[in-house]
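# A closer look at the structure
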Amino acid sequence: MVTKQEVLSEFDVQGLDEARNIDLPDEKLENGSKGELIKLAGQLRDRRNELNQMASERASKRDDLNAMTREKVDEAQKHREQRDEMNSQVQEHKNQRNELNAKANELFDEVDEMKSDLELDDGKDIDELKEEIEQLEFRQQTEVLSTEDERELIEKIENKREELRQKKDKVEESGDLEELIAEAEEVRSEASQHHQKVTELADDAQEHHNQMIEAYREADDIRDKADEMHELFVEAQEAADRHHEDFVRVQKRLRELDKKEERERKDSRAEEREAAKAEAEEIYQKFKEGETLETEDLMKLQKSGLL
């Protein structure tokens, strides 16, 4: 079984360094200064982008491995189809071989019956008789024999010749025997050709079977690597998602601080306006009472709209 470390090494994939991840403690989020939070948001954003890039690279390699797995499965399936086709042809040739062998056996049985009917199986066959006659004739021509021995030899030669003649007559009288033998041998030869084809196709089918098994094994190995690469992708993506979520939390906190500052500024301006209004009213009262106003006081009255 392949390990994550083996996959990282084989495909030159950068490992995820946990020490480079950015933490966001609740304490810092709630009580950190705006400057600290802006800095932290930048760190979270940069690390999120790094992790997203890492996840993208791992996803791409995972997809490549899944594509390779599909190619190997397709290759195995092709070998399976070729194997099955050849096995089908093997069965066809087996059937033809068996039918032809059965037919040849029937024909040879007919040959044996015909030979038995003609008594051609009794004694020696024609070729053996011819050879024996030639040997006896050679002996008669080359050996010095007594009158009695020569007479016996001549008689023996004549008996062999008579037996040969009878055999030849029976063969000639048999008519279709030779044709039947030829037909039986031809059918047997055709059956042998189908048997040879059975052997060849069976060997080829076995080779495709072996290649199918090997392709499936390779597909399983590649799929294991793809699964591990997917785990590495999930690891990087989850880390990227966590950094993105923390980045969003910091951004939300910064918006809250901005709103708080805006409220404080508005409250401060309102207080200032109220104070200015009160001061202007006080100056205006002095003006109505006939007191002499300084230029600054007149400007304050004009600004307040009381003059």
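Look up a bit, the structure's there.
Residues numbered from 1 in each chain as written. Predicted model: local features only at pLDDT ≥ 70, side-chain atom pairs only at ≥ 80, totals over all residues. Heavy atoms only, no water.

## Looking at the overall build of the protein
- Along the protein, the regular secondary structure elements total 7 helices and 0 strands.
- Secondary structure elements of the protein occur, N-terminal to C-terminal, as α-α-α-α-α-α-α.
- For the protein, buried positions account for 27% of its 307 residues.
- Sequence separation of at least 24 residues holds for 84% of the intrachain contacts in the protein that already meet a minimum separation of 6.
- Carbon and sulfur atoms make up 44% of the accessible area of the protein, which totals about 20,900 Å². (Helix = DSSP H or I, 4+ residues; strand = E, 2+ residues; numbered from the N terminus. Buried < 20%, exposed > 50% of the residue type's maximum accessible area, 1.4 Å probe, protein only. Contact = heavy atoms within 4.5 Å. Areas by Shrake-Rupley, 256 points an atom, 1.4 Å probe, with all protein chains shown as cover.)

## Looking at the packing of aromatic side chains
- Evaluation of the coordinates by the stated rule reveals 0 aromatic pairs.
- One residue, arginine 48, lies across the ring of phenylalanine 247, its end atom 5.1 Å from the ring centre.
- Looking at arginine 62, its charged tip hangs above the ring of phenylalanine 233, at a distance of 4.8 Å from the centre. (Phe/Tyr/Trp six-rings, centres within 6.5 Å; stacked < 30°, edge-to-face > 60°. Lys NZ or Arg CZ within 6 Å of the ring centre and 35° of its normal.)

## Concerning the side chain of histidine 208
- Tracing the backbone shows histidine 208 in helix α6 (residues 177-288).
- We classify histidine 208 as buried; its relative accessible area is 14%.
- Among the polar contacts made by the side chain of histidine 208, one reaches the side chain of glutamine 82 at a distance of 3.4 Å.
- The contacts of histidine 208, once residues within four sequence positions are left out, are His79, Gln82, Arg83 and Met86. (Polar contact = N/O pair within 3.5 Å; in protein donor to acceptor, adjacent residues only side chain to side chain.)

## Digging into the pattern of salt bridges
- Per the counting criterion, the structure on display carries 25 salt bridges.
- Arginine 47 is the partner of glutamate 50 in a salt bridge, and the nearest nitrogen-oxygen pair spans 3.0 Å. One end of the pair, glutamate 50, and the other, arginine 47, are both in helix α3 (residues 34-118), 3 residues apart, so they sit about a helical turn from each other.
- Ionic pairing is found between lysine 160 and glutamate 132, a salt bridge with its closest N-O pair at 2.7 Å. Taken as a pair, lysine 160 in helix α5 (residues 147-174) and glutamate 132 in helix α4 (residues 126-142) lie far apart in primary sequence, 28 residues in all. (Salt bridge = Lys/Arg side-chain N within 4 Å of Asp/Glu carboxyl O.)

## Quick word on the nonpolar core
- Listed in full, the 11 residues of the largest apolar core are Ile22, Leu24, Leu29, Leu37, Leu40, Ala41, Leu44, Phe247, Val250, Leu254 and Leu257.
- Elements represented by at least two residues in this core include exactly α3 and α6.
- With residues near it in sequence (within four places) discarded, leucine 37 still touches Lys28, Leu29, Gly32, Val250, Arg253, Leu254 and Leu257.
- Residues Ala104, Leu177, Leu180 and Ala191 belong to the second largest nonpolar core, which totals 10 residues. (Core = buried A, V, L, I, M, F, W, Y, C linked by side-chain atoms within 4.5 Å.)

## Observations regarding the environment of glutamate 185
- Within the secondary structure, glutamate 185 sits in helix α6.
- Between the C-alpha atoms of glutamate 185 and leucine 107, which are 78 residues apart in sequence, the distance is 8.9 Å.

## Side note on a positive patch on the surface
- Together, Lys252, Arg255, Lys259, Lys260 and Arg263 make up a region of like positive charge exposed at the surface.
- Residue position: lysine 252 is located in helix α6. (Patch = residues over 30% accessible without salt bridge, like charges linked within 9 Å, V, L, I, M, F, W, Y side chains within 5 Å. Lys, Arg positive; Asp, Glu negative; His and termini not counted. Charge placed at Lys NZ, Arg CZ, Asp CG, Glu CD.)

## Observations concerning unusual backbone geometry
- With a phi angle near 50 degrees, aspartate 12 is a residue other than glycine that sits in the positive phi range.
- Note on placement: aspartate 12 falls in the loop between α1 (4-10) and α2 (26-31).

## Describing the environment of valine 13
- By the element assignment, valine 13 lies in the loop between α1 and α2.
- A residue is classified by how much of its surface remains accessible, and valine 13, at 12% relative accessible area, is buried.
- Separated by 45 residues in sequence, valine 13 and arginine 58 place their C-alpha atoms 7.5 Å apart.
- Once residues within four sequence positions are removed from consideration, valine 13 is found in contact with Leu8, Arg58, Lys61 and Met229.

## Regarding a negative patch on the surface
- Together, Glu106, Asp109, Glu110, Asp112, Glu113, Glu179, Glu183, Glu186 and Glu190 make up a region of like negative charge exposed at the surface.
- Going through the elements one at a time, α3 and α6 are the ones with two or more residues in the negative patch.
- Looking at which element gives the most residues to the negative patch, the answer is α3, with 5 residues.
- With respect to the secondary-structure elements, glutamate 186 resides in helix α6.

## Focus: α4
- The first and last C-alpha atoms of α4 sit 25 Å apart over 17 residues, in line with the 24 Å expected at 1.5 Å per residue.
- For α4, the set of buried residues is Leu129, Glu132, Ile133 and Leu136. For α4, the angular spread of buried residues about the axis comes to 100 degrees, placing them on one side. In α4, the exposed positions that point more than 90 degrees away from the buried face belong to Asp127, Glu134, Phe138 and Gln141. (Expected span 1.5 Å × (residues − 1). Arc of directions from axis to C-beta.)

## What to know about the environment of alanine 55
- Looking at the element boundaries, alanine 55 is found in helix α3.
- With a relative accessible area of 0%, alanine 55 lands in the buried category.
- Distance in space between the C-alpha atoms of alanine 55 and phenylalanine 233 is 5.0 Å, their sequence separation being 178 residues.

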